[in-house]
Every structure is written in C-alpha cells, then in structure tokens.
Amino acid sequence: MAMAGESSNNNYGDCDGKSHRKVGLVYDETMCKHDTPNGEDHPECPDRIRVIWEKLQLAGVSQRCVVFGGSKAEDKHLQLVHTKDHVSVVKSLSTKKKDYRRNRIASQWNSIYLNGSSSEAAFLAAGSVVELAEKVAEGELDCGYAIVRPPGHHAEPDEAMGFCLFNNVAVAASYLLDERPELGVKKILIVDWDVHHGNGTQKMFWKDPRVLFFSVHRHEHGGFYPAGDDGDHNMVGEGPGEGFNINVPWEQGRCGDADYLAAWDHILIPVAKEFNPDIILLSAGFDAAIGDPLGGCRVTPYGYSVMLKKLMEFAQGKIVLALEGGYNLDSIAKSSLACVQVLLEDKPIQGSSEAYPFESTWRVIQAVRKKLSAYWPSLADVLSSNLIDQKTSTPIIVFSSSDSETEDYADDILDQMSRLNIENHHVDTVSTSWRRDLSKVDVWYASFGSNMWKPRFLCYILGGQVEGMKKVCVGSMDKTPPKQIMWESFPHRLFFGRESSVTWGVGGVAFINPLTNLNDQTHMCLYRITLSNRLEQFNDVLFQENGLKVDSDSPLFGLDTLQLVEKKGSIPLASGGWYGNIVCLGKECDIPILTMTCTLSAVEKFKSGEIPLRPPSEAYVNTMVRGLVEGGRLSEEEAKAYIDNAASKPL
Ligand code: X5A
Ligand code: ZN
C-alpha cells in the first residue's frame, strides 16, 4: 500500500466544532504515474487528481477527513465484473519492457493510452474504491470520496475504453454484494453524473435487480461519446434487472444546474425513495461542469453540491464518490471541494442560477418517466404544465446574486463564462494593421444556409467555388480548415428572402430571425474557426458573406464587438449588408457561437412585405440538402421537408 502524503491524519470531526461526519478520502500519488507513453498532452492527465487533492488541502477540508492511500484490487474481486482475460491483460502491461508492445494493446481499445505504470494505477483505482466502500458499508466511515484515476465507468467486462481500464465502481458494488453478505448490503444505487454514459456499469448490472443504475449523460440521439443506443432511455435492463437501469439522455449540450436538478427532482429522487438503497455509489465525473473542454455542459459547484445533498437523504447518508471524468482542472477542483463540504455537512455553499431547464430537458424527462413508470409508480403522474412552460434559459445565462456571500461566486462563474480562449495575446506595436492588433480567439461560426455543406463553406476559407455557385470566393487569409465541426439546433425561425444573390442567382437565400422563438428549431452546422488575428477567418467569412472586399482596412467585427454581442445577444454592424447582423447563440466548450443574419428591422420589413420572402433556387436547396445529409443531420427526405416547410410558411 502506498502512502497518501504527509497531511494524512485523522483529527476529523471537530477542529471547528461543526463537523460530525466521518468522511474518508483516498488519494495516492502513485495513480499520477499513469500517463501517455510519449509525454503527449491528454485531457485525462495526472494533474487531475493532484489539483483536487491540493484544493482540498488548501481549503482545510482534507485535514478534517480520514485520509487513506490507495490499495490494490485483488484479481478475484476484479473478476466479479471483468473476464479473467481482461484482468490478466491489464496485469501484464507492467511487465512489458517496451512501449510499442503496450501501444499495440492500447490500439485495440477505444480511447486508451498506456504506459509502464498504467496497470499499477488501474489496480489502485479499483482497490481504493473497494476499500472505501467497504469502510462505509461497515460503518467505520459515514461516507467518502475516492480521488482516483484512471476512471472506470466505460470499462466493460472484457474491454477497456474511454480512458477507463477497470470499472472501479462496478467492482466495489459487486464486492459488497457478493463477497461481504454479512455487511447486509442488499440493494445498491449507482448514480453516474459523469457527462458520458456509463456503458460499462450498465452492462455489468443489466440483469441484476440488486443494483439500480442511474446515468444522466449527453446523448444527442446516439451521437455523443460513447456513441450508439446503449445510453438511450429505452434501455431499462432485462430479466430480473428490468426496470433497474435508468438512462437520462440529454438531447443537447449546454445543460446546467436547472437541467440536472430537474432530472433529480422528477426522476432520480422519487425512484430512490421507492428503491430505498442500503448504500449509494456515485460515479462522480465532473465533466458536465461549466468550463469542461469535453462535456460542453454548465453544472456549477453549487449544482453538484445540491445534487449530492439530495442523495445524502438516502441510505442514512452512506455514500461513496469515485472520480470518473472531468477535464478542466479548475472546474474539477472546485466541484470536488463543494462535494466534500457537503459530505462534511458544512454550511451549504450559496449559489443560484436563473436558468430554467431547456425545452429538450422536459421532453427527455417526460420520456424517461413514461418508460420507467411501469416499474416505479412514483413516475406515473403527468408533470404539470406550469412547470414545463417556465421560460427556457436564454442563450447566455445570467447569474444573480442578492447578497454579498454569493457575489464572489457569481463573479467567478461570470468570469469563467466570459473568458475567451485567448491563444496568443500580444500586440504588435510596429504594425498599424488591425490584422496585427487583435488577439486570436476561437469562435463557432454557426451556418444555417448553403454553408452547412462543408465544401461550400470551405470556399470562404480556402477560396474557390462549388457546383451551383455563380461566383468564385477568395477565401480567408488564414487557410486553416475548421478545427472542429458539430451540429446543433437553435430556437430561431429559418426563412428565405431576396430576389436574387450574386452567388446563387435568382431566388431567396437563408436567414434566421435574430429573436428566439421556442416554437422554431433551425439546424445549424458549427465550424470552429478563428476570429481577429492577422491571420483571421471570421472577419473574412463576414466580408465575403456581405460581398465586401477582404482586404478592407478595418475589421467588421473585433474583440470588443465580440464582448458586446455576448452581452446583448445580437448586434447590427455599421457596414450594413444582408448578413451584417451578428447573433450570439450561446457557448460551446467555452467558445462563443456566432452566426450572421439580417437585422431585426429587416425582419420587420420581410414581415410587412416591404421586402418579399422568396423561395430558394433549386441549386441553393440542393446545397443545403447535401449539407444536412452529408453532415449526418437529416435524411434526404427530412432535409427536403425541412427546407420546404421553412420556405412555405409566412413569417
Ligand atoms: C471517463 C470519461 C471520456 C472518454 C471520451 C473519449 N471518458 N473521447 O470521461
Ligand atoms: Zn466522462
């Protein structure tokens, strides 16, 4: 067993006279040794557990807990959920002398890297969760948090995946049920709030009614990692385990406290009351946290603390947290601290988010309740429409703070939300060109017209023209292709107008109403491109979109305007032009989502008929359809119907 570090002690409880709970923490520096073989950067990095540990020490909370070093899992315990083969493959990794042998094994799995210490870390991660769960089940501890890596919930019986080697939480659950019957643990609730679906855990207890598995995750109809149908809400378990598997699959990113707490209040908590677990194991990934680079969600430390507090009402507070994902070091440290403070029963941290759940959140919750009400009667009631009709969160969340205690916190969040991804903030004093004066940031350019077809959009970056276009584009100064592409829907009305355009000839082109309307959904293809540098893309797209010259002597849109549009939601540019209105649709991965459309006053003119609506030409429709189909967003028939619908309805 490795040592946890000099600060381990057990003067838990009373240094400030307020904590009565015996809280266990596992931390072991040895688990930092699992790393990429060649030193490449990877989000699942050793610093993840270090920063959490340092945060707990600096805040003075680890000193009030009982701290343990890691302990190695036994093969026979791992084999309760994994195949013998899998356990021996992972064990064999440490004896391999050469990286290439391990790389070969890693390459047969999905999203796995391995080095000479991966095996040791994996055995420690699983063993630590087992040990902590055992101590809580025995009553030696009230609850605890295992700060472990590699994570576990993606690991399947015979397969490592998604940064996970052994399924730490599943091993611990099976250990309590199968190896320690004398402890009286007969029913275990596993809650998985990691932003990804806990596919491994689901598989391991699929037919087992002793384990109720609840996972809330980004799903996007099977498009989000780990892709496929496993995380669907119809996956409820089988045989005796039918009804004991609950998935809450978000349809979109950007979910936050309001969405998660709605899932708690309307699904998890009522079911937990009925199930009445003897202990709770929490797959505590923090990659749904605000600022996480992989998750794209917005749960705050306050949100995590409320979710945890609500779970502590069950099983006499016997709960064991095990770290899973979470890739923003600052976010995981703050979220972890908030959780340990809840375990210690400290005064709850303050916070409030003004946001309501998304419309899609209610849709998902209602679908889950309907499907699972066959097994859990408390889910049978129909949710009141008052609840669901609350106004949906605005694109940019505004946090309110009414007293001084919340102020710091709200500032913090606002700071995180408005921080731009500034890669090279330097000002070149020699040059007077705006292209040299601005820092470089990334933005999502959200396209809803012909630009949804990637080859057509690339004309704005690389230059050129594609089938159907009557004009050649010059491209951007920066010819780097988009770093990332993704699809999302936004509640704005799509319509078509203009007699003709230079690029497409006779017929309307696509616009959206800058104003949100929850009854409308427009598919958009988001390209991650750069804004405002001497090599720059967003302005160059903007110039071309508005038929202006790319070598203009001033930018249409700079960092100052970016900040403004993030605040206001929509701003018309002085230069005018058909697409001279920039709209901010929110953020994804902490990067603003911008689109270009006409101004509000133009929308008024379209409405009054002063500017007529016009259906798009065949060439334009074809390009849009290709975008939607090749992007995997819609089938050809759906895409045609979608455009037809937008083109035929009055504004
Ligand atoms: C544990 C966890 C994420 C894997 C993402 C792979 N895994 N692209 O968060
Ligand atoms: Zn995850």
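The rules behind each value
- Residues numbered from 1 in each chain as written.
- Chains lettered and ligands numbered in written order.
- Predicted model: local features only at pLDDT ≥ 70, side-chain atom pairs only at ≥ 80, totals over all residues.
- Heavy atoms only, no water.
- Bend = angle between axes of the 7 residues up to and from the residue.
- Helix = DSSP H or I, 4+ residues; strand = E, 2+ residues; numbered from the N terminus.
- Buried < 20%, exposed > 50% of the residue type's maximum accessible area, 1.4 Å probe, protein only.
- Donors = N, O, S within 2.8 Å, 3.2 Å for Na, K, Ca; no water.
- Pairing = 2+ DSSP bridges.
- Axes fitted to C-alpha atoms, helices over the stretch in contact; angles between N-to-C directions.
- Patch = residues over 30% accessible without salt bridge, like charges linked within 9 Å, V, L, I, M, F, W, Y side chains within 5 Å.
- Areas by Shrake-Rupley, 256 points an atom, 1.4 Å probe, with all protein chains shown as cover.
- Salt bridge = Lys/Arg side-chain N within 4 Å of Asp/Glu carboxyl O.
- Lys, Arg positive; Asp, Glu negative; His and termini not counted.
- Charge placed at Lys NZ, Arg CZ, Asp CG, Glu CD.
- Near = heavy atom within 4 Å.
- Polar contact = N/O pair within 3.5 Å; in protein donor to acceptor, adjacent residues only side chain to side chain.
- Nonpolar A, V, L, I, M, F, W, Y, C, P; charged D, E, K, R; others polar.
- Contact = heavy atoms within 4.5 Å.
- Parallel < 35°, antiparallel > 145°, perpendicular 65-115°, else oblique.
- Left-handed = near helix turned anticlockwise from the far one by under 90°.
- Phe/Tyr/Trp six-rings, centres within 6.5 Å; stacked < 30°, edge-to-face > 60°.
- Lys NZ or Arg CZ within 6 Å of the ring centre and 35° of its normal.
- Core = buried A, V, L, I, M, F, W, Y, C linked by side-chain atoms within 4.5 Å.
- pLDDT = per-residue confidence, 0-100.

### Digging into helix 8 (residues 257–275)
Okay, so step 1: Where helix 8 bends most, the angle comes to about 40°, and this point is W264.
Okay, so step 2: Burial runs high along helix 8: 16 of the 19 residues are buried.
Okay, so step 3: Downstream of helix 8 by one or two residues, N276 has phi in the positive range, about 55°.

### Section: the coordination of the zinc ion (ligand 2)
Okay, so step 1: At this site the zinc ion (ligand 2) is bound by D194 (OD), D194 (OD), H196 (ND1) and D287 (OD), with donor distances of 2.0 to 2.7 Å.
Okay, so step 2: Spacing between the donor residues of the zinc ion (ligand 2) along the chain follows D-x1-H-x90-D. In this pair, H196 sits in the loop between strand 4 (188–192) and helix 7 (199–204) while D287 sits in the loop between strand 7 (279–284) and helix 9 (301–311), placing the two residues 91 residues apart along the sequence.
Okay, so step 3: Residue classification places H196 among the buried residues on the basis of a relative accessible area of 7%.
Okay, so step 4: Of the residues examined, D287 reaches a relative accessible area of 0% and is grouped as buried.

### Here we look at the sheet that holds strand 3 (residues 143–146)
Okay, so step 1: Read across the sheet, 8 strands follow the order 2-1-3-8-7-4-5-6 without closing on themselves; strand pairing throughout is parallel. Lying at the two open borders of the sheet, with one neighbouring strand each, are strand 2 (66–68) and strand 6 (245–250). Here the strands of the sheet are splayed against their neighbours by 15° on average, with no regard to which way each runs.
Okay, so step 2: The sheet contact formed by strand 1 (residues 23–26) and strand 3 spans 4 bridges and is parallel.

### Considerations on a positive patch on the surface
Okay, so step 1: There is a patch of like positive charges on the surface, built from K97, K98, R101 and R104.
Okay, so step 2: Checked against the element boundaries, R104 lands in helix 4 (residues 99–107).

### Some remarks on the site of ligand 1
Okay, so step 1: For ligand 1, the full set of nearby residues is S111, P151, H153, H154, G162, F163, D194, H196, Y225, D287, G325 and Y327.
Okay, so step 2: One of the side-chain nitrogen or oxygen atoms of H154 is found 3.3 Å away from a nitrogen atom of ligand 1.
Okay, so step 3: For ligand 1, whose free accessible area comes to 310 Å², the fraction covered by protein is 88%.
Okay, so step 4: When grouped by side-chain class, the residues that make up the shell around ligand 1 number 4 nonpolar, 6 polar and 2 charged.

### Let's talk about the environment of V625
Okay, so step 1: Within the secondary structure, V625 is located in helix 19 (residues 618–630).
Okay, so step 2: Judged by its relative accessible area of 7%, V625 falls in the buried class.
Okay, so step 3: Sequence spacing of V625 and W453 is 172 residues, and the spatial spacing of their C-alpha atoms is 8.0 Å.
Okay, so step 4: When near neighbours in sequence (up to four residues on either side) are disregarded, V625 contacts E636, A639, K640 and I643.

### Side note on the pattern of salt bridges
Okay, so step 1: The tally for this structure, following the rule as stated, stands at 28 salt bridges.
Okay, so step 2: R528 is the partner of D442 in a salt bridge, and the nearest nitrogen-oxygen pair spans 2.8 Å. Of the two residues, D442 is situated in strand 9 (residues 441–447) and R528 in strand 15 (residues 522–531); the sequence distance between them amounts to 86 residues.
Okay, so step 3: Here E467 ties to R626 by a salt bridge, and the two come within 3.4 Å at their closest N and O atoms. With E467 in the loop between helix 15 (454–462) and strand 10 (485–490) and R626 in helix 19, this residue pair connects regions lying 159 residues apart in the sequence.
Okay, so step 4: Looking at E467, the relative accessible area reads 63%, which means it is exposed.
Okay, so step 5: Shared partners join several salt bridges into a network, and the residues in it are E134, E138, R180 and E182.

### A word on the packing of helix 1 (residues 47–58) against helix 10 (residues 329–343)
Packed helices, taken two at a time, are described by the angle between their axes plus the distance between the axes.
Okay, so step 1: Here helix 1 crosses helix 10 at 45°, and the two axes come no closer than 9 Å. Between helix 1 and helix 10, the angle falls in the class oblique. Crossing hand, helix 1 versus helix 10: right-handed. In contact with D47, R48, V51, I52, K55 and L56 of helix 1, helix 10 contributes L329, I332, A333, K334, S336, L337 and V340.
Okay, so step 2: Class assignment of the residues belonging to the contact of helix 1 with helix 10 gives a composition of 8 nonpolar, 1 polar and 4 charged.

### Description of the packing of aromatic side chains
Okay, so step 1: Scanning all chains against the criterion turns up 23 aromatic pairs.
Okay, so step 2: Geometrically, the ring pair formed by F286 and Y304 is edge-to-face, given 4.9 Å between the ring centres and 85° between the ring planes. Residue F286 is found in the loop between strand 7 and helix 9, and its partner Y304 is found in helix 9; the two are separated by 18 residues along the sequence.
Okay, so step 3: Taking the relative accessible area as the measure of exposure, F286 reaches 0% and is therefore buried.
Okay, so step 4: Residue Y304 is classed as buried on the basis of its relative accessible area, which comes to 0%.
Okay, so step 5: Between Y445 and F538 the ring centres are 6.4 Å apart and the planes differ by 65°, which places this aromatic pair in the edge-to-face class. Of the two residues, Y445 is situated in strand 9 and F538 in helix 16 (residues 538–545); the sequence distance between them amounts to 93 residues. As far as burial versus exposure is concerned, Y445 and F538 are alike and both buried.
Okay, so step 6: The side chain of R456 reaches across the aromatic face of Y460, ending 4.5 Å from its centre.

### Brief notes about the sheet that holds strand 18 (residues 591–597)
Okay, so step 1: Spatially, 6 strands are ordered 10-15-9-18-17-16 in an open sheet, and the strand pairing comes out mixed. Here the strands that pair on one side only, and so sit at the sheet edges, are strand 10 and strand 16 (570–572). Shown here is a sheet whose adjacent strand axes are inclined to one another by a mean of 35°, direction ignored.
Okay, so step 2: Relative to strand 15, strand 10 runs antiparallel, the two being bridged by 6 bridges. Bridge pairing in strand 15 links E488 to M524.

### Quick notes on the nonpolar core
Okay, so step 1: Grouped together as the largest cluster of nonpolar side chains are 125 residues, with contacts concentrated most on Y145, I188, W193, Y260, W264, L308 and I319.
Okay, so step 2: Looking at this core element by element, the count peaks at 12 residues for helix 5 (residues 118–138).
Okay, so step 3: Apart from the residues within four sequence positions on either side, Y260 is in contact with V195, V216, W250, C255, A288, C297, V299 and M307.

### Topic: the confidence of the model for the chain
Okay, so step 1: Here the chain averages 86 in pLDDT, and 87% of its residues register 70 or above.
Okay, so step 2: Least confident of the elements in the chain is helix 13 (residues 404–418), whose mean pLDDT is 34; most confident is strand 8 (residues 319–323), at 99.
Okay, so step 3: When the criterion is pLDDT under 50, residues 1–17 qualifies, and its contacts beyond four places in sequence or with other chains add up to 36 contacts.
Okay, so step 4: Confidence drops under a pLDDT of 50 for residues 392–438, and excluding neighbours within four residues, the segment shows 103 contacts in the predicted structure.

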